[in-house]
Amino acid sequence: MESEKISIGNVNFDKESIILSKKIYEKGRKLNYVFLVGGTKIMFPDQENKNAAVSLAMNYNKDVAEICTWFDNIRGLIIEESPSKGNYYIRET
């Protein structure tokens, strides 16, 4: 079953991967603030690229769960890492 998708600032997310989202202003710029499952916080301006997306997957390493996060085609992305163990992958196409 495919999960429900939502768009925030023209970036596609799986709905269940988001804990909180809101618009904020930092140094006069409007940014999208998104708090992801697993504790990662990201900020980014609205995107022009329609292929921008964030994807999460759970990886188990010796019974320790790690969240892997892929950031695709997001310009101006700011990542505040999670206190939990995880991996981040930034891709541009």
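Calculation rules
- Residues numbered from 1 in each chain as written.
- Predicted model: local features only at pLDDT ≥ 70, side-chain atom pairs only at ≥ 80, totals over all residues.
- Heavy atoms only, no water.
- Salt bridge = Lys/Arg side-chain N within 4 Å of Asp/Glu carboxyl O.
- Helix = DSSP H or I, 4+ residues; strand = E, 2+ residues; numbered from the N terminus.
- Buried < 20%, exposed > 50% of the residue type's maximum accessible area, 1.4 Å probe, protein only.

1. A look at the pattern of salt bridges
Scanning the model with the defined rule gives seven salt bridges in all. Between D46 and K23 there is a salt bridge whose closest N-O contact spans 3.3 Å. Taken as a pair, D46 in the loop between β5 (41-44) and β6 (53-61) and K23 in strand β3 (residues 18-26) lie far apart in primary sequence, 23 residues in all. Judged by relative accessible area, D46 falls into the partly exposed class, the value being 39%. For K23, a relative accessible area of 43% puts it in the partly exposed group. Ionic pairing is found between R75 and E92, a salt bridge with its closest N-O pair at 2.7 Å. Taken together, the residues span a long stretch of sequence, with R75 in the loop between β7 (64-72) and β8 (78-80) and E92 in the segment after β9 (86-91) at a distance of 17 residues. On the basis of relative accessible area, E92 is assigned to the exposed category, the value being 56%. Connected via shared salt-bridge partners are K23, K30 and D46.

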